[in-house]
Amino acid sequence: MEPPVNEPESDALLIERTLRGDRSAFDEIIRRHQRQAVAVSYRLLGNINDALEVSQDAFLKAYRSLNTLQSPAAFSGWLMRIVSNLSLNFRRGRKVRSQLPLDDILSAGEEAGSDAAAAEHDPARLMAGRELGEKLKLALAQLPEKQRDAILLFTVEQLPQKQVAEILDCSVEAVKWHVFQGRKKLKELLKDVM
Amino acid sequence: MNPHDLEFQISQYVDGQLDASAVAALEIRLRDDAAARSLLAEYQQVAAVVRGNTPLPAINWNRLAESISTSIDAAEEQRIEQRFRMPWMQVASSIAAVAACVLIGLFIFRSQEMTSPTNSNIAVSKPRIAEVSLATAEPAAGPRIAEVTIDMPNDDTALAAMVWDELQPRNTRVVVTAGAPPVMPDSLLGY
């Protein structure tokens, strides 16, 4: 008879272990949530170096305030609020700082997606993709901040609209409106390349 | 439904954010309205372009996790050390703060005294070397002693004492006078 497959521990159990003094349990929490933390921060700051620093600070803050978390099962949303608050504060008083060993952490190039992998076999498609990417970057920069944030957090990072609303300090209806207005403007700005 | 509302609905439809009845109504509209279908295609394309062309920079996640973990350990160790040092630091910083206030107060007080004339004849606010002469009665083989007359405005004897401490190791005899100084060339103001 085969032994039962070990299911990963829930966030709630890991948090309970952390609060009892098991430091390695929080390391597992870091591994689980770091990608989303960095992604949310990156979308708000637009700079990966800053996003990595802020994410590190967010995990430290979360670790220190773990005993204040009302519902351990909702750790992810709680952490994202910390990340977004720190990111928005950082954005307001923008300064560049870099204490992480970034060369080790940042790999060359960008995360591979299915489109990028396919484009490798088709140079024309790769070039067109790069041109589109550049134009999109410029177009996003022209959007008002809330529209850009709403589109990136909701459409790209696929955060729930309720969570996006908390991050942007607005209602869910406002998030829908920001996404719509942002897309409408992008449609206009990118009509030549789409 | 006006065109603007239709576009808004289509944007939400792309995101799967419409309730069931709104979806049903919109799909009927889309079936019969080519312009609405064209609009839907445009919004779907924008959503796909944004999703597919905003990648996250590639990151070594293992290294990042290690780095975050290490930084937490370091921060916690530092916090424990600070807690241990805190009582001593509080006492030391309190004493330093009081001393700094006293020094700043003295400095301001002296500055005000030196810049506010008590005698209309006194035009300068700092001590001036009124006369420098070598004492001729001293034996040539011994150390030569210079006599320095320093005129202290307002007879600031405390400041004179400080100047005396400065000049004493340099084999000088200091004579301090008070009152309006004679006009001397600046080249003698060597301190």
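Note that this is a predicted model, so its numbers are computed, not measured.

About the criteria used
Residues numbered from 1 in each chain as written. Chains lettered and ligands numbered in written order. Predicted model: local features only at pLDDT ≥ 70, side-chain atom pairs only at ≥ 80, totals over all residues. Heavy atoms only, no water. Buried < 20%, exposed > 50% of the residue type's maximum accessible area, 1.4 Å probe, protein only. Helix = DSSP H or I, 4+ residues; strand = E, 2+ residues; numbered from the N terminus. Arc of directions from axis to C-beta. Contact = heavy atoms within 4.5 Å. Core = buried A, V, L, I, M, F, W, Y, C linked by side-chain atoms within 4.5 Å. Axes fitted to C-alpha atoms, helices over the stretch in contact; angles between N-to-C directions. Parallel < 35°, antiparallel > 145°, perpendicular 65-115°, else oblique. Left-handed = near helix turned anticlockwise from the far one by under 90°. Nonpolar A, V, L, I, M, F, W, Y, C, P; charged D, E, K, R; others polar. Phe/Tyr/Trp six-rings, centres within 6.5 Å; stacked < 30°, edge-to-face > 60°. Buried area = accessible area lost by both parts, 1.4 Å probe. Salt bridge = Lys/Arg side-chain N within 4 Å of Asp/Glu carboxyl O. Expected span 1.5 Å × (residues − 1).

**What about helix H1 (residues 11-19) of chain A?**
All names here are of chain A. Of all the positions in H1, only Asp-11, Leu-14, Ile-15 and Thr-18 are classed as buried. Buried residues of H1, seen end-on, are gathered within an arc of 100 degrees and therefore sit on one face of the element. Buried residues belonging to H1 abut helix H2 (23-45), helix H3 (48-64) and helix H4 (75-92). Phi for Gly-21, located one or two positions after H1, is positive at around 110 degrees.

**So, unusual backbone geometry**
Residues and elements named next belong to chain A. A positive phi angle is found at Gln-158, which is not glycine, with a value near 55 degrees. Relative to the assigned elements, Gln-158 resides in the loop between helix H8 (145-156) and helix H9 (161-168). What makes Gln-158 exposed here is its relative accessible area of 56%. Although it is not a glycine, Asp-169 sits at a positive phi angle of roughly 60 degrees. Residue position: Asp-169 is located in the loop between H9 and helix H10 (172-189).

**Some thoughts on the environment of His-33 of chain A**
Inspection of the secondary structure puts His-33 of chain A in helix H2. The spatial distance from the C-alpha of His-33 of chain A to the C-alpha of Leu-79 of chain A is 8.4 Å, given a sequence separation of 46 residues.

**A closer look at the nonpolar core**
Counting residues in each nonpolar core, the largest one holds 45 residues, and the members touching the most others are Val-40, Phe-59, Phe-75, Leu-153 and Ile-167 of chain A. Going through the elements one at a time, H1, H2, H3, H4, H8, H9 and H10 of chain A together with helix H4 (61-115) of chain B are the ones with two or more residues in this core. Broken down by element, the residue count for this core peaks at ten residues, all from H2 of chain A. In this structure Leu-153 of chain A touches Val-40, Arg-43, Leu-44, Gln-158, Leu-159, Val-164, Ile-167 and Leu-168 of chain A, once residues within four positions along its chain are discounted. Residues Leu-132, Leu-143, Ile-151 and Leu-152 of chain A belong to the second largest nonpolar core, which totals 13 residues.

**Considerations on the packing of H2 of chain A against H8 of chain A**
Residue and element names in this part refer to chain A. Axis separation between H2 and H8 bottoms out at 9 Å; the angle between their running directions is 155 degrees. By the criterion of interaxial angle, the relationship of H2 to H8 is roughly antiparallel. Crossing angle aside, the handedness with which H2 passes H8 is right-handed. Mapping the contact onto sequence places Val-40, Arg-43 and Leu-44 in H2 and Asp-149, Leu-152, Leu-153 and Val-156 in H8. Taken together, the residues of the contact of H2 with H8 break down into five nonpolar, no polar and two charged.

**Notes on the packing of aromatic side chains**
For the structure on display, the rule yields six aromatic pairs over all chains. With a centroid separation of 5.0 Å and 85 degrees between ring planes, the pair formed by Trp-177 of chain A and Phe-8 of chain B is classed as edge-to-face. In this pair, Trp-177 of chain A is assigned in helix H10 and Phe-8 of chain B in helix H1 (residues 3-14), connecting two distinct chains. What makes Trp-177 of chain A partly exposed here is its relative accessible area of 35%. For Phe-8 of chain B, a relative accessible area of 15% puts it in the buried group.

**A few points about the interface of chain A and chain B**
Contact residues are listed per partner, giving 51 residues for chain A and 38 residues for chain B. Approximately 4200 Å² of surface area, both sides summed, lies buried where chain A meets chain B, with 65% of it carried by carbon and sulfur atoms. On the chain A side of the contact with chain B, Phe-180, Arg-183 and Lys-187 of chain A bury the most area, a combined 15% of that side's loss. Remark: the boundary between chain A and chain B carries four salt bridges.

**Considering the pattern of salt bridges**
Following the criterion strictly, the structure yields 22 salt bridges over all chains and no others. A salt bridge links Arg-23 of chain A to Asp-73 of chain B; its shortest N-O distance comes to 2.8 Å. Of this pair, Arg-23 of chain A sits in helix H2 while Asp-73 of chain B sits in helix H4, placing the two residues on different chains. A relative accessible area of 19% places Arg-23 of chain A in the buried class. A salt bridge links Glu-157 of chain A to Arg-35 of chain A; its shortest N-O distance comes to 3.5 Å. Remark: Arg-35 of chain A occurs in helix H2 and Glu-157 of chain A occurs in the loop between H8 and H9; sequence separation between them is 122 residues. On the basis of relative accessible area, Glu-157 of chain A is assigned to the buried category, the value being 13%. Linked by salt bridges that have partners in common, Asp-11, Glu-28, Arg-31 and Arg-32 of chain A make up one network.

**Structural notes on helix H2 (residues 20-32) of chain B**
Structural remark: α-helix, 3.6 residues per turn; residues separated by three or four positions point the same way. Residue and element names in this part refer to chain B. Taking 1.5 Å as the rise per residue, H2 with 13 residues should run 18 Å; its terminal C-alpha atoms sit 19 Å apart, in good agreement. Those residues of H2 that sit buried are Ala-22, Leu-26 and Leu-30. Down the axis, H2 shows its buried residues gathered within 70 degrees of arc, on one side only. Turned more than 90 degrees from where H2 packs its buried face, Ala-20, Ser-21, Arg-31 and Asp-32 sit exposed. Check the buried side of H2 and you find it contacts H1 and helix H3 (34-52).

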